[in-house]
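Fold and geometry: a report
If you want the building blocks of each chain, they are given just below.
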Amino acid sequence: MKSAINSYDCKPHRIFLFPPFNMKSVFFTLVVIFLMTHFSEHSHAETKIDGFTTDLISHDSPRSPFYNPSETKYQRLQKAFHHSILRGNHFSAMSVSPNDIQSDVIPGSGGYFMNISLGTPPVPMLGIADTGSDLIWRQCRPCDNCYEQDEPLFDPETSETYKTLACDNEFCQDLEQKGSCGIDNTCNYNYAYGIGETFTMGYLSSDTLTIGSGRGEPVSFPGIAFGCAHRTGGKFGEKHVGLIGLGGGPLSLVKQLDSQVGGQFSYCLVPLSTTDSTATSKINFGRNGVVSGSGKVSTPLIKGRPDTLYYLKLEGMSVGSTRVEFRGVSAGEEGNIVIDSGTTLTYLPPDFYSEVESALATAINGQTTSDPTRTFSLCYSSGSNLQIPTITVHFTGADVQLPELNTFIQAEEDLFCFTMVPSSELFIFGNLAQMNFLVGYDLNNNKVSFKPTDCTKHQFN
């Protein structure tokens with residue numbers, strides 16, 4: 001029997017002769033090959049995206065799965081007002097117990113949705129877009145103790161890029177009291193909304209998230225952390241698929257995309273009074289999210305408690321030329337009012353509100369009427385020939401001038417009401433006051449900008 005050495009070494013070999021080489025050239029070549037391989041694998045996650053824009057779909061839009069054509073516009077408005085009151089109450093609870101709950105995200109009228117996809121291949125999801133929440137989540141298979149939803153559940157096993165996150169993962173640490181470690185070292189999350197009867201529980205996971213880009217190509221981001229829900233309950237209904245957190249906490253979409261979009265996003269909300277059925281509100285990221293040009297004003301974005309919410313400092317309001325200085329329990333605090341895209345009305349401290357209302361009633365000098373729902377304090381008959389003065393909101397460093405469109409609404413056929421109301425709890429600058437403004441958030445430089453804009457015509461590629 002031939003030895004292994006004989007069987008291989010005794011065969012003739014073809015000899016290749018190489019020309020002399022330079023060690024520096026070889027080293028340089030190897031470095032280039034390594035860098036090309038490394039960045040080909042990771043460039044999608046690390047390359048900064050220039051900018052992209054997608055639709056924000058109003059809960060009351062015909063494009064919304066919740067749209068009910070049999071409802072009148074006044075019925076939809078009343079639902080929006082009711083939801084706004086509930087949301088304001090829950091925000092107040094957040095400020096007292098920031099680690100326990102998130103905002104009331106169940107969208108009544110006045111909320112917005114956003115189209116994204118999760119997984120590879122991408123599975124579409126019309127999620128609640130919420131600046132008062134952080135976590136992105138959707139229902140996943142298996143989901144035995146979950147609310148029924150019309151859309152198919154997300155199946156992690158069919159996604160080539162899905163991963164559950166371990167307990168020592170940075171995103172798991174960001175959950176703080178809302179996270180726990182499973183026996184198999186998987187990171188579990190548990191979020192409660194509102195007063196706690198609505199909740200979502202499951203595995204904190206990661207996958208590729210894709211966002212439509214208006215008229216451009218969809219943009220994909222690998223390794224985005226989200227909650228894969230295996231148990232849910234409460235107020236969610238069949239048409240709810242999940243949630244897209246846009247708040248200031250580390251797990252929100254905008255914070256996770258920080259390196260790609262430079263901490264920049266903005267939105268432009270179409271007025272409720274628009275007659276253009278094709279007009280849609282927009283949300284912009286990266287370069288598209290930058291607010292610039294004539295008419296732009298900026299105010300500091302102030303970190304509050306919890307960090308989910310976006311706080312500004314309100315210094316006062318002017319009704320025409322009559323200025324009212326801000327007064328309230330938080331008048332001396334750096335951040336004393338929350339700016340929120342999901343709350344319809346604006347909430348002010350009672351004493352401050354009373355002074356603003358008095359100045360407004362004096363300027364209008366019309367016959368007031370009562371609101372039968374008791375939502376609003378200052379109302380007029382819609383048939384009155386009213387002269388509504390401009391209200392200037394004085395934030396630190398930024399005077400935002402609100403025309404009638406932002407401060408009054410026809411709440412009923414013969415009822416025209418002031419859309420700011422008193423509150424003894426948390427104070428909120430709501431979305432009616434933000435419509436037809438391009439509102440930009442620069443999270444790296446901590447500022448919010450406002451620019452008057454016709455949002456029915458606001459477009460980016």
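The structure under discussion appears in the preceding block.
Note that this is a predicted model, so its numbers are computed, not measured. (Residues numbered from 1 in each chain as written. Predicted model: local features only at pLDDT ≥ 70, side-chain atom pairs only at ≥ 80, totals over all residues. Heavy atoms only, no water.)

Focus on the environment of A129
Mapped onto the secondary structure, A129 falls in strand β3 (residues 123-130). Using a relative accessible area of 8% as the deciding quantity, one classes A129 as buried. Between the C-alpha atom of A129 and that of N115, which follows or precedes it by 14 residues, the distance is 9.0 Å. Apart from the residues within four sequence positions on either side, A129 is in contact with L56, Y112, F113, M114, I244 and L246. (Helix = DSSP H or I, 4+ residues; strand = E, 2+ residues; numbered from the N terminus. Buried < 20%, exposed > 50% of the residue type's maximum accessible area, 1.4 Å probe, protein only. Contact = heavy atoms within 4.5 Å.)

Description of the sheet that holds strand β21 (residues 379-380)
Strand order across the open sheet formed by 4 strands is β20-β21-β25-β24, with antiparallel pairing between neighbours. Each edge of the open sheet carries a strand with a single partner, namely β20 (368-369) and β24 (408-412). Examined bridge by bridge, β21 and strand β25 (residues 415-418) share 2 bridges and lie antiparallel to one another. Residue pairing in the sheet places Y380 in a bridge with F416 of β25. Contacts from helix α7 (residues 350-364) reach β21, β24 and β25, with the element oriented near 135° to β25. (Pairing = 2+ DSSP bridges. Axes fitted to C-alpha atoms, helices over the stretch in contact; angles between N-to-C directions.)

Considering the state of the cysteines
On inspection of all chains with the given rule, the structure shows 6 disulfides. There is a disulfide in this structure between C140 and C228, and the S-S distance comes to 2.0 Å. Torsion about the S-S bond of the C140 and C228 cystine: about -120°, corresponding to left-handed handedness. One end of the pair, C140, is in the loop between β4 (137-139) and β5 (163-164); the other, C228, is in strand β9 (residues 216-233), with 88 residues separating them in the sequence. Grouping residues by exposure puts C140 and C228 together as buried. For C379, the disulfide goes to C417, at an S-S distance of 2.0 Å. Across the S-S bond linking C379 and C417, the dihedral sits near 105°, which makes this disulfide right-handed. With C379 in strand β21 and C417 in strand β25, this residue pair connects regions lying 38 residues apart in the sequence. This pair shows no difference in class: C379 is buried, exactly as C417 is. (Disulfide = S-S within 2.5 Å.)

Topic: the pattern of salt bridges
Applying the stated criterion to the full structure yields 4 salt bridges. Between D55 and R63 there is a salt bridge, with the nearest N and O atoms lying 2.9 Å from each other. Assessed through its relative accessible area of 18%, D55 is described here as buried. Taking relative accessible area as the criterion, R63 reaches 44% and is therefore assigned partly exposed. Between R323 and E325 there is a salt bridge; the shortest N-O distance is 2.8 Å. Residue classification places R323 among the partly exposed positions, given a relative accessible area of 40%. In this structure, a network of salt bridges that share partners links the residues D55, R63 and K282. (Salt bridge = Lys/Arg side-chain N within 4 Å of Asp/Glu carboxyl O.)

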